[in-house]
Each structure stands twice: as structure tokens, then as C-alpha cells.
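# A look at the structure
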Amino acid sequence: MIHKREKTMRAGEAPTSDLLGLLMESNFKEIKEGGNSKVGITIDEVIEECKLFYFAGQETTATLLAWTMVALSMHQDWQQKAREEVIQVFRRNKPEYDGLNKLKVVTMILNEVLRLYPPAYIRMRETYKKVKLGGVILPPGVQLTLAMLLIHHNRELWGEDAEEFNP
Ligand code: HEM
């Protein structure tokens with residue numbers, strides 16, 4: 001795919017306006033402006049970027065949507081509120097970006113699902129030099145795990161109803 005698209009771009013044709021097209025167009029410009037192939041990224045790196053976007057963008061969004069369906073099945077009062085809002089904003093038309101920004105109830109629901117069932121539930125970091133974090137001094141090479149799931153369910157932060165679905 002990449003080779004094929006490179007050929008069409010070299011022939012001066014407009015790139016396809018999908019993610020790979022945008023990535024290749026920006027890389028192509030970078031190389032052209034920099035005057036040599038040392039600037040810009042290699043084809044292997046383009047492939048890696050595509051994998052990252054696929055994993056970072058697709059898995060997370062799919063997980064969020066799946067849990068949203070589960071939560072709305074369990075809490076049909078919110079399902080009803082969401083449906084009413086969607087019908088009120090879009091009527092019988094296809095959803096479009098401006099309308100999506102007007103969805104307040106749906107946004108509240110998505111945020112609550114992200115809190116209770118976060119697709120990315122831990123973050124990892126590693127110190128590469130001595131660093132002071134809060135009141136603790138860490139040497140290089142320490143692996144830190146930030147358990148977002150626990151923070152999202154913490155009663156001290158969210159109150160006694162932290163476990164409840166309450167957008
Ligand atoms: C509900 C959906 C999403 C969630 C929950 C989510 C969550 C996250 C989190 C927590 C990080 C930080 C990871 C870290 O620094 O350890 C991250 C990074 C990233 N996300 Fe997402 N993400 C979502 C959607 C997307 C989408 C749709 C895309 C792209 C199409 C995307 C692309 C990325 C990329 C490229 C990074 C790495 C940024 C960097 O280089 O530091 N994500 N995401």
C-alpha cells in the first residue's frame with residue numbers, strides 16, 4: 001500500500017485523505033523541504049506509526065463503546081435519556097461533527113464509562129535519572145505503575161458512591 005501510494009504522490013497526484021495518506025503527505029513534504037531523505041521517517045517507521053494508531057486508536061475506542069453498550073443495557077434510564085438527546089439533536093439526519101459537540105448527556109455517559117471501565121487502566125513509566133517525585137527520591141531504573149483504575153474507583157476522591165454508574 002505504501003509503495004503504491006508513494007508512486008502516485010511522486011507522480012504529483014493528491015494523496016488519499018485517510019490516516020496513512022495524511023502521514024505520508026506530511027512525511028513527503030518534510031523530505032522535500034529538508035532536501036534529503038535523512039529528514040522525515042522511513043517506511044518501517046510509517047508502518048510502526050500505523051500500528052500504533054491502530055492499537056492506540058482502535059482498541060481503546062472499541063473498548064469504550066463496548067462498555068458503553070453494557071452500561072446502557074444495565075441502566076436503561078440513561079439509555080432513554082441518551083436516545084432522547086440524540087433524536088433531539090439529529091432528528092432523523094445522519095450524525096455530524098457539530099451535532100456531536102451538542103451531546104451533553106452522551107458525553108456525561110462516555111466520561112462515566114471511561115471512569116468506571118477505562119480502556120487504558122494503568123500507565124507505566126521508568127526513571128532514567130535520579131528524580132524527586134513528591135516527597136520521594138527515586139534512583140534511575142525504577143519502574144512506576146500508575147493504577148488509573150484504582151484512582152477512578154477511589155472513594156476518597158469520588159465519594160461513597162464511587163462504584164456506582166452515575167453520569
Ligand atoms: C477512548 C479512547 C482513547 C483512550 C482511553 C486513550 C488513552 C490514551 C492514554 C491513557 C494515552 C497515554 C499513554 C501513556 O502515555 O502511557 C494515550 C496515548 C496515545 N493515544 Fe490514545 N486514547 C484513546 C483514543 C485514541 C485515538 C482515537 C488515537 C488515534 C487515532 C489515539 C492515539 C494515541 C497515541 C498516538 C498516543 C501516544 C502519544 C505519545 O506519543 O505519547 N488514542 N492514549
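Just above, that's the structure.
On a predicted model such as this, the values are computed, not experimentally measured, just so you know. (Residues numbered from 1 in each chain as written. Predicted model: local features only at pLDDT ≥ 70, side-chain atom pairs only at ≥ 80, totals over all residues. Heavy atoms only, no water.)

### Let's talk about a nonpolar patch on the surface
A cluster of nonpolar residues, Y121, I122, M124 and L149, forms a patch on the protein surface that exposes about 370 Å² of accessible area. If you trace the backbone, M124 turns up in strand β1 (residues 123–126). A relative accessible area of 47% places M124 in the partly exposed class. (Patch = residues over 30% accessible without salt bridge, like charges linked within 9 Å, V, L, I, M, F, W, Y side chains within 5 Å. Areas by Shrake-Rupley, 256 points an atom, 1.4 Å probe, with all protein chains shown as cover. Salt bridge = Lys/Arg side-chain N within 4 Å of Asp/Glu carboxyl O. Helix = DSSP H or I, 4+ residues; strand = E, 2+ residues; numbered from the N terminus. Buried < 20%, exposed > 50% of the residue type's maximum accessible area, 1.4 Å probe, protein only.)

### Section: unusual backbone geometry
Despite not being glycine, R91 has its phi angle at roughly 50°, a positive value. Mapped onto the fold, R91 is located in the loop between α4 (76–90) and α5 (97–101).

### Concerning the packing of aromatic side chains
According to the stated counting rule, one finds 1 aromatic pair in the structure shown. With centroids separated by 4.2 Å and ring planes inclined at 5°, the aromatic side chains of W67 and Y117 adopt a geometry described as stacked. Here the residue W67 occupies a position in helix α3 (residues 43–74), and Y117 occupies one in the loop between α6 (104–116) and β1, the gap between them amounting to 50 residues. The partly exposed category is assigned to W67, whose relative accessible area is 34%. When the ring centre of W78 is taken as origin, the NZ or CZ atom of K81, which lies over that ring, is 3.8 Å away. Between R115 and the ring centre of W158, over which it is positioned, the NZ or CZ distance is 4.9 Å. (Phe/Tyr/Trp six-rings, centres within 6.5 Å; stacked < 30°, edge-to-face > 60°. Lys NZ or Arg CZ within 6 Å of the ring centre and 35° of its normal.)

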